[in-house]
Each structure stands twice: as structure tokens, then as C-alpha cells.
There are 4 protein chains.
Amino acid sequence: MKAFVMKEIGRVGFLEKPLPRPGPNDAVVRTTRALICTSDSHTVAGGIGPRENLTLGHEAVGVVHDVGSEVKIFQPGDRVLVGAITPEWGQPAAQAGYSSQSGAPLGGWKFSNSKDGVFAEYFHVNEADANMAKIPDAVPDDMAVYCADMLSTGFMGAEHGNIPIGGTVAVLAQGPVGLMATAGARLRGAGFVIGVESVPARQTLARTYGADEIVDFTKEDVVDRIFELTGREGVDTAIEALGADSTFQTAVKITKPGGTVSNTGYFGEGEFVRIPRVEWGVGMADKTIATGLCPGGRLRMERLLRVLENKRVDPTLMTTHTFRFDEMERAFEVADRKLDDVIKPLIVF
Amino acid sequence: MKAFVMKEIGRVGFLEKPLPRPGPNDAVVRTTRALICTSDSHTVAGGIGPRENLTLGHEAVGVVHDVGSEVKIFQPGDRVLVGAITPEWGQPAAQAGYSSQSGAPLGGWKFSNSKDGVFAEYFHVNEADANMAKIPDAVPDDMAVYCADMLSTGFMGAEHGNIPIGGTVAVLAQGPVGLMATAGARLRGAGFVIGVESVPARQTLARTYGADEIVDFTKEDVVDRIFELTGREGVDTAIEALGADSTFQTAVKITKPGGTVSNTGYFGEGEFVRIPRVEWGVGMADKTIATGLCPGGRLRMERLLRVLENKRVDPTLMTTHTFRFDEMERAFEVADRKLDDVIKPLIVF
Amino acid sequence: MKAFVMKEIGRVGFLEKPLPRPGPNDAVVRTTRALICTSDSHTVAGGIGPRENLTLGHEAVGVVHDVGSEVKIFQPGDRVLVGAITPEWGQPAAQAGYSSQSGAPLGGWKFSNSKDGVFAEYFHVNEADANMAKIPDAVPDDMAVYCADMLSTGFMGAEHGNIPIGGTVAVLAQGPVGLMATAGARLRGAGFVIGVESVPARQTLARTYGADEIVDFTKEDVVDRIFELTGREGVDTAIEALGADSTFQTAVKITKPGGTVSNTGYFGEGEFVRIPRVEWGVGMADKTIATGLCPGGRLRMERLLRVLENKRVDPTLMTTHTFRFDEMERAFEVADRKLDDVIKPLIVF
Amino acid sequence: MKAFVMKEIGRVGFLEKPLPRPGPNDAVVRTTRALICTSDSHTVAGGIGPRENLTLGHEAVGVVHDVGSEVKIFQPGDRVLVGAITPEWGQPAAQAGYSSQSGAPLGGWKFSNSKDGVFAEYFHVNEADANMAKIPDAVPDDMAVYCADMLSTGFMGAEHGNIPIGGTVAVLAQGPVGLMATAGARLRGAGFVIGVESVPARQTLARTYGADEIVDFTKEDVVDRIFELTGREGVDTAIEALGADSTFQTAVKITKPGGTVSNTGYFGEGEFVRIPRVEWGVGMADKTIATGLCPGGRLRMERLLRVLENKRVDPTLMTTHTFRFDEMERAFEVADRKLDDVIKPLIVF
């Protein structure tokens, strides 16, 4: 079968690979739709270290091709969504409620990390009964594929933020995860949502997904403006959706005492991420810093599909580009170099 | 001043009373709008025991008339919302996070219980800085008055229900509290909301406030239908919004293991409220039963006002009737006898 | 191999059975020690319906005899503890944090319920990597076996009770689960623990495990006495450890507003478990009712073994009797008929 | 009356001041015992900015001398404990559950910060009913005084750390707050507690208060050693009890994915407190960072007194020195310069 791989750091391309085979608890899925993620670029750039001919991609839906002997719920022909994170559910970290950390830190992240990813005609799913979900008829593949990572990660940002009904929230950066964090903040009942973003197209989408106010960091001081917008109090919840030291510092500064900084960003650079000491209340202001990695699992995926099925959010507004799988090289270039105002490129198999 | 009182059990009417005066921490508010609540009927019927010439009502907004020496935030002329529940914030129960229970069980409930209520030209507010909130210009009195009890109690039903994003919720009874619990379930991100109700006008409002499906208990078996609607699983959260033993039993039955029964109803009758033993998993199915009394306080009221200001919910759709204060006797009769498809009667001062 | 079974409702005895064989994810364990539980009596009495030749028992430790192809952590010869509850960790209920409810209400309870139990020379363990734990050298089998159910269930009673450091707790009934709930209350930092019990030997053990005060329901009114002991406030947490309607009512009555009733008891009788309406605050006093079924899993078992290894609690004080496996009929009779002040009978294989 | 004050940055001494007078909600207490805290040294060194003739001290017990008109619970002659933090309970931050942040970041900290402290013959208490607690007869003043800050802050470290029964905990630095965090970890049920400390006398006390193992950072690499002690996993909870950037970094490194870094330390230096990026899981390892400021309030103080009354912990083992109030200058020097292996100096009035 055809796979789109990271040949080595900095180099991608197609490669012919053998069809994967399921172990007793596993499934093999024939890919129908996938999305490219900025993590794919991080990976190719060497963010997780060297890899050789590793199939890229972790956001996909498809049709079950084959299942192992112990798989009970799924059978060939089922139309399924697979979480980007496919935990080992019996591991202690999963038993403690942190399935994304099962086996190792970030250990639930297997696709395009510890095994081949989903940018291939077929891909392998561990613990299939626990990590896949059937897609309802009312939800097209083009929409369902957003659950794998974008909805799950973005909503997690809101969930970890401990938002009260009527609370105030700032979402720092309105890329696809930030946009879904904005939607997630609204889903948790935020009374006032501030989106921080400078790109006009993303500002517009942020308003569509629920931002009440936009702060453009190229035009105003973010901290000053957010204090002004919140009656000098700061926000209940600041969601970091970029993964930059300076954005993280802003998040700590704009959060009120007793509030939460909820991180969704991947911090790819530097030895440290720095907390501004005084604005953190010298370590005593009850400002909690929460983090996490995209939740996976059947239950999570079923809930996210329900959000789509009942039309709470339409993530397809983020699909700025569509490519056929054989155009993958161009698609990757567009995503990697952020050409042409790209938000999410959809890949059709 | 003129007050509308419970003269004795079963008898209401107007009475002339002296203007209240504030203690050091208190305020006196000139009433502008009020709402009649079913609790007022319970009280008149003897639900909290005998009372003599007690001013009725606990849902009101108005203008500050006078404040005590220790009040710092408010001054005469401020347009304010006052929570139906006005806790003593320094009491241990409030320090533990249960302010509605401050001083005694349900001790935060003072209006028309342990002191005169708000159906009067002026009313007294204890701990004014902590129990009032300024009303934003964009929110009219007719709308703000719903925060005092209806939004606070209904949303509490959703909040205590521990609803996950994409979770399933049933709200049993779509009176005003149930309708706001329905809206609250949507505010917490419920993926599928079932409203149980038989009255057509309330069914319509339930859909407007966010019910995806209506179950009419006069036409179908509620438990069967809800299991059918949830893939035989039951709901994550069942919100009881009636206060009846049989409804409570239904709530326990339709809740999945690991789910929550969240009660908002006032149980007015019988020695016991009964849990169906087997469907409760013989006491071992991780079905939590949560209860509570309308949260009050400045912070709560400010958050609810923010929900209105940013147009998340429009509670005025529930205003089926409007009366002048001098029509209070007729208004009370309409509410008490549930005439003319009444949902909430608004009183204009 | 020899197994001790429930032949039919009301009748037990030995039976020769074939050695179980592991599936890919499973293990077979050679039993070394087991404990008899009152649940075994409930089962034989028909509590979970008719069964034919079902091997009894769910509390055991042993040595791994055989493992399936997918088992990675354990190998033959390992000395292991197996939780009484052996969840399916990939099921949605487990993913939601309620592993004991995986697959069905109480679905994690497999031993002597949906499959053969542990009163046999060998027993079968599903999802072995997730449901077994290696026993540290410093913890003898006689002690480790208490983790399977007694520590896990009793401590759960304390954990679900949301006990604050310095809080007040009452544990209603000091059978083995109640005694471990008493120890659990102390492990959570309770400042004052009241044990309710009438049997002198159990009263003594309750004090050893951490009760500061004993209330004997045969000599005094439990509700009155507990209000007296808590300055008329009631307790922060009441743990029901009997499974009787009247005890449950007492638990609701003695819990302060904002407190928690935490149930560990199995309710075996009646159509309803009844909540006393007025003392429950007419459904509005923030008295939460929590329930659960003994948590299982490797992580839980490892943590409980750590509690033993570092000498926080010594459960072997509850071992009132020791029998060889071939004396099982007599052992069961002693346990079933509660002869000779039995608390826990240990079975040696 | 005589008061021991910070005359200006770097200079302390006695000063005659007028007796304070209570407002309507306040009390004036005649001091009987006080403790010197390292925060007093921070303050004198300029940590909270310049102050002129500010009375120092925030840990004290005494006898009520006078109360305001609205005080209901206390009267002259009552023997009382006063929390180091005296929140304004009606403020929004307190209503949100963060009373130590009421009014402003760290706004509950009034003694020797925004008003005169307790190192005086009399001191003033705001919101007396909410911020004082009667001391039980069984608890001497010398012991009760430890509740004001040491127990409250140290235990908070454990409480915020979300310690499971049987979990693993490291407490970094065994000064008085660290020692009480160690005791607090045991009170929450930790199965294995590691104390990090180099001073022999503090190591000994750490074992007395519940450390199972001591790691001496002058003799071994703390991160390596803690991974070795925890089977390469790291701890569930790391409690920072020093307030140093390097210790904080260690805390992040030794915490397992899904675990919590709970801060109690006051960070007095530098622009940033730095999170080690990779060991923090690049912002995705579910390692939560929690902070807080000593909880105050009557409920908290009553619970802590119950811990002492029922002999869970004996904090007087930390009293290395005792001085009369007129020896305050020498006492302060001993504490400030950490002479003579001082842990806590007790002041007798």
C-alpha cells in the first residue's frame, strides 16, 4: 500500500509499505479522510527526534478492513473514527484517569510517533474496541475527522480550564486548536470569551465559534486590553493554544487569582517555559497551571460525534483546502509553510 | 409602605408596613420588578410552617435606597439584582463552599422565610456588598430579575450534574426551573438533551432552550423511551426539576452507572423520598445523588448577568403574564392556581 | 482441580473442575490464600439469582501459573494479588472513571458472578496486566489478600466521602468493610471518627483502626448521640457499611448540610431504599449521596500494597479464623452463620 | 501598648502604639502566644515593599478583649485562635472558594502586610466571627498557635497535591511548613513519603512527622534518587516547601505524568520561576501545578484544632526556642539569622 512518510528529518515523500495486520486486540482501517496537523511539521522538523520512513499523520477516519480475534464491537465494513491518541487502557496511568500518558509520558500518542501514522491507504489501531467509534449516519467523514484531534484537544483546553457558567475566558491564538478551544469555552458556558489573534480570517472564524471580543496582539497590549475588558480582574481561565514561552507568560498574567491557566500548546523550544514570578502571586495566588494531551478513546469519540450530530459546532468551516491523497506532497507543503491562509487541509483517499 | 403578605396559612393580602432600615452591613432596595415563584405558593400553603403577616417573594431587582455604614461597593441610586438566597458569608457552611446552608440547613434562604420578602415597595438586604450585583446597562430589569432564582437554580441543576461535553442529559419537568436546567445543560456542553414534559407550551419552550428531544410522560413510558433514545445506556445526568417521589425514582432509573442524579426540586410531601433499590445498583452502581439550594451572592449574580448581557439565554420568553404591583392578588391567584398556562408572572412596581 | 461451589441456591460443596486456560490477555493463578466475604453468603442465598456449580469467592492471592500471548508484565512464578473486581479497562464506563461498572452495572464484578470465583486450586484472571499486582516481599500473603476487597471497598467509603483534614466522620457498622472504612477515614485525615457498633470485639477493633468514639445503637439513640458529639452540627461524612434501609436513613440524618453520605453497603432487600425527606433538607441541603463498588485494577492494588508495606494499617487483626481449603465447608458455615464472633476467616491452600 | 515593629526596611524594634478599637464586625485580642515566621524576615528585608512602623507577626493566639456591635459568637474572655490569613468572606474571590485572595491577590493576608500584625500586646481582627475559633480546653496555647499558619499552610500543600490513598509524595525542604506538609501527606493517606532535607535535626523531625525515606541533596542527586525510590515512575505529588527556582524545577522533574506539583513556597527572587520544558512533557504530560496561600477562617481553624485535640499531630516538637515578648529583639535575630538550629521560636506574652 501507499504511505506518506517522513524519510528522515526534514524530508518527506511517498513509500510503498506492506498492509498492516491486526494482533488479537487490534484493527486495520482503510483510510477515507485525514487532516494534516502542525504536529506533523514538528515531527518532520525533528521535534520528537530522528525517524526513518515513519508514516506521518494522526487524524483520520475510515472503514474497518480487518479485526483481531478478541475484538468484539467492530467488524469489517464499519465506518469508524479513531482518536489521534490510542491509549493502552489497562496501564496504570490510564487507570488513574490519564490515559494519554499510558505507558510513558505522552505514551498514548502512538500514530506517527511510536508506530506508523494514518497517511496511508490502511492503518493499524491498537485496542480497537477501546479506541474507535462508529460514525453516525448524520455525520459525514469530512466532519467526523475533526474529532480525532482538533475537537478533542481544543475542548480539553476548555475542560481543564475549570470554566464556571458565566465565567470569563481568553483563548490565546486562534489556530485550529485555539478555535476549538473557543468553541469549547462556549460549550462549558463561558459568559465572555476573548480570542487573541492577528490574522483576519482567523479572527472571523473565532467570532463564528463564539468569541465575544477579539484582541489583536499586533495592535494593542494583550495584558492591558484584557484587564480593561474584565474590569481590571483578569479572566477565570486563560487557554494557551500556541505553545510559546511569551504566550504562556501572558496567560499567567491575565489569569485572576483562583483562576486556571490551561495549556493545549506543544512547547517545542528552549530549556524552560517561564512563569512570571510576581504576576503568579509569588507562588501563592491560587493560579493553577493545567496541561494535557488530546484525550482519546471510544467514549470520548462518541461524545464528540454527538456534539457534531446534534449540530453544536461545525468544524468544517476550518477546512480551507482539500487535496487527494496523491497530492499529499503539495498538501504537506501548504500546511508546513502555512501558505495561502491555510487552517486545515483535508486529505481525500 | 405597601407589602403583599401571607397573613396566615392559606391567606394572602396587602398590608402597610414601615420602611426597613439597614444595619451596618445592609442595604434597603426600592423594588422595580419581581417574579412570583411556586415556592411562594408552598409557603402560603404552610410548607415552611405558620407565619404571620410575612411579606412574600424572593425574586426581585430594584434601586438602592439606603446603605449601612460598612457597605463599600453600593450606594443609593445603583440599579441592583439581589439573589433569592442571601447567605451569611462568614459562616462555616459558607466557608466550606455551601453558602446556601449558612447558619442552618437552607439557612441562606431568608426572604419570605426568616425575614420579610421582596413583594413590597422596599426590601432589606443583609450583607449587601456580598449579596447584590450591579445590573449592566444592556440588561433590562425585566430580564435581570430572572437571575435571582430561576437561572441560578436551573443552572445549578446542570452544574451539580457533572455533565461532560457531549454527554446525555434528561431534565424531568419543564417548569421555569426545568427550562433553565435545560438551558444550563446546553451551557455545560451536553451533546443530547431530553426534556420530559406534557404541556405543549412548555414543550415548545424546552426546545427553544435547548432540548433535542421531548418525552411526554402522558403518552409513553419515560424510562423505556429514554433507554431507547440513549442506546439502552441511560443518561449521564438526570435533573429532577419537579420535587416528586415518582419523578425522583424515574431519575434514578434512567441514570447510567457512573452518572449523576441532580436534584433541584423541593420535596414537599411524605416521610420519605424513595430510591429504587435495584436500579440504584443495590447501592453500588456509582450513581451519585446531588442536591442543592439556589446559589446566591454577588459573584454568582455577576456571572449570571454576564450570561444575559452576552445573549446566551433569553429568560423573558418565560414571562407569560405581567401585572402591576397593585394587581398582586390576581397575579398570585394566577400563579397559585396555575391558570391560563402561566409560566412566570412578572410584577411591575 | 478442586473447587468450592454454589451447587444451587442454598447449597454449597466441593466439585472437581478442569483447570482454566488463559485467553490472549489473561492469566491463570494458583491460589495460596483466600478470604470469605459476606457477599459469598448473599450469593448462595440467591442474591444475584440462580447459579449452578458456580465456584465461589472473590478475595485471593496466589502464584501465576500460566499467561496468555499478550500478557507482558507477569510470568509464571510471580506472586500476585488480584482485585475482587476485574474490570474491562477499555469499556466506556472504565474510560469515564467508573471501571467497576464496565460492561454493565457492577459489570467489573466477575468472580463468582459472571464467571467462576477464586475458591479453587486455580483461577482465571481477565486482562491480567491490568488486574493483577506483584506482592512486595515485605507483605505476606495472609496480609496482601485483604487488599482484594476489604481495603479497597472500605477505603473507597472514605474516599467517596470527601473528608476534609480535621473533618468529622461516622462509620455505621464495624464489620470488616466498616473497620477498613474507619481506617480509611483516618488515612484521609479525619479529625474525629465515630464508630457505630454494638459487638464488643468489633468496638475494640474499631478503636484500634482509628475510631475516637464508639456509639452503641443498642444503648443509645444514634442520631441524638452523634449530634451531641458534634456540637449539634452532624458529621461531614457518614459512611454506610451495612446495607440496611434504617442505617441508610440514619446516615442521611446525621450528615450536616454540605456533607456526604458515602455508601459501601450492599442493599439486599426491599423495593426501595428510603431517604428521610425533611432531614435530607427537602432535597435542597447539599447532602450528596455517593455510592460505589470496590475499585479494582493494578494501580489500585499497588497503592493498597504500599499502604501495607509501609505499615499504615494491619488488616490481619481481622483474621479471627484460619482454615485449610479442605475445611472449606466448615469455614463457610462459620462465616455464613456468623459463628464464634467471626470477622474474617482466612483460607490456606 | 507595646508593639514590635518593622521601623523601615532592614530595621526592627519596639514601639508604643495605641490600643486598637474594633469596628462593628471586628474584635481586639490580647495576645498570649505568638510564633515568628520566615515571612517576617522577608517582610523586614523589603519583600513586600517599604513599610513604616508596621507591627510584625501573623501567628498568634490570645484572649478576646473587645468586640464590635455585630459580633455574635465571641465575647471578651474567650480564648481564641486567629488565622494568619483573615479573609473578607463576602468578596467575590472568597465566594469562588479562594478566600485567601479576597479583595486582591493574596488580599486575605492582612497582618503585618496591609495592617498591623500580632507582635503586640493586643491586635485587631477583621470579621471576627468568621476569622477566629475558640480553642478547646485540651489544646494549650503553645500548641494551638501552630494552626494559624504552619498547619494550615503545610496541610494545604498536601491537600492541593491531590494525594491518593497509597500514593507517593516527595516534600522538598523540611522547614516548619515542609514538616507540616509531611504530616499532611500522611494525613491524606500517602503510602510512601520522601522528605528532602540536609539538616540532621530536620531530617529527624521529618521522620517523626511521617517521612518514610530521607533524601539529602548534599549527598545524592535528588531526581535520580527519587526515580530510584519510585520504580522509575516519579511521585504522584511533589510539594515545594522552600520557594526556590531550582527546587521548583526538581519538583516538576520528579512528578509523574498525571501527578501534581503543589507549591507552598514564597518565591522571593528573580523575574521568573522556570518550568523545565522537556520534563514537563512539553506542556502535555498532565502535570498540574497548584499553588495557594495559607487558608484562614473559623471553619479551617476549628478543623485544625480538632486535629490537635485528637492527637493526630504534635507541632510543639518544632518549638526549638522560647522567648518572652520583651526578648523579641533577640528572638527575631535568632529566627532571622537561623541561629542555633532554630525551627520555630515561640513568644510568650
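Residues numbered from 1 in each chain as written. Chains lettered and ligands numbered in written order. Predicted model: local features only at pLDDT ≥ 70, side-chain atom pairs only at ≥ 80, totals over all residues. Heavy atoms only, no water.

Looking at an unreviewed UniProt entry, one finds chain A named Zinc-binding dehydrogenase, with Amycolatopsis pithecellobii as its source organism. Looking at chain A in UniProt, the text filed under Cofactor (unreviewed entry) is "Zn(2+)". We quote the UniProt Sequence similarities (unreviewed entry) comment for chain A here in full: "Belongs to the zinc-containing alcohol dehydrogenase family." (UniProt positions renumbered as here; feature names shortened; annotations may be inferred.)

Participant: Could you clarify how one ought to interpret the side chain of D:Q249 in this entry?
Facilitator: With respect to the helices and strands, the residue D:Q249 is situated in helix 9 (residues 245-254). The class for D:Q249 is buried, based on a relative accessible area of 10%. Not counting residues up to four positions away in its chain, the partners in contact with D:Q249 are A:F272, D:R274 and D:P276. (Helix = DSSP H or I, 4+ residues; strand = E, 2+ residues; numbered from the N terminus. Buried < 20%, exposed > 50% of the residue type's maximum accessible area, 1.4 Å probe, protein only. Contact = heavy atoms within 4.5 Å.)

Participant: Got a minute to help me understand the sheet that holds strand 1 (residues 2-8) of chain C in this structure?
Facilitator: For sheets, the rule is that strands pair by backbone hydrogen bonds, running either parallel or antiparallel. All names here are of chain C. Across the sheet, which stays open at both edges, the three strands sit in the order 2-1-4 with antiparallel pairing between neighbours. If you trace the sheet from one side to the other, it starts and ends with strand 2 (11-16) and strand 4 (54-55), each paired once. Direction of pairing for strand 1 relative to strand 2: antiparallel, over a ladder of six bridges. Each bridged residue has a counterpart across the sheet, and for E8 the counterpart in strand 2 is R11. Packing against the sheet, helix 11 (residues 328-336) makes contact with strand 1 and strand 2, and its axis sits at approximately 155 degrees to strand 2. (Pairing = 2+ DSSP bridges. Axes fitted to C-alpha atoms, helices over the stretch in contact; angles between N-to-C directions.)

Participant: Looking at this model, I keep getting lost on the interface of chain D and chain B. Mind explaining?
Facilitator: Quoted interface sizes are often the accessible area lost when the parts come together. On the chain B side, the residues contacting the 17 residues of chain D number 17 residues. A buried area of about 1,300 Å², summed over both sides, lies between chain D and chain B, and 57% of it is on carbon and sulfur atoms. Counting the surface chain D buries against chain B, the share from its top three residues, D:W89, D:Q95 and D:L299, is 39%. In this structure, the connection of chain D to chain B is made through zero salt bridges. One can count seven residue pairs in polar contact (both at pLDDT 80 or more) joining chain D with chain B. Mapped onto the side of chain D that touches chain B, the elements with two or more residues apiece are helix 2 (92-95) and helix 10 (298-309) of chain D. Take the side of chain D that touches chain B: its biggest share by element is four residues, from helix 10 of chain D. Considered class by class, the residues forming the side of chain D that touches chain B number six nonpolar, five polar and six charged. (Buried area = accessible area lost by both parts, 1.4 Å probe. Salt bridge = Lys/Arg side-chain N within 4 Å of Asp/Glu carboxyl O. Polar contact = N/O pair within 3.5 Å; in protein donor to acceptor, adjacent residues only side chain to side chain. Nonpolar A, V, L, I, M, F, W, Y, C, P; charged D, E, K, R; others polar.)

Participant: How do you make sense of helix 8 (residues 222-229) of chain C when you look at a structure like this?
Facilitator: Think of an α-helix as 3.6 residues a turn; residues three or four steps apart then line up on the same face. All names here are of chain C. Of the residues making up helix 8, those classed as buried are V222, R225, I226 and F227. Looking at the buried residues of helix 8, the elements they touch are strand 9 (168-172), strand 10 (192-196), strand 11 (213-215), strand 12 (235-240) and helix 9 (245-254). Sitting at the head of helix 8, D221 places a side-chain oxygen 3.1 Å from the backbone nitrogen of V223. Just past helix 8, the residue G231 takes up positive phi, approximately 60 degrees.

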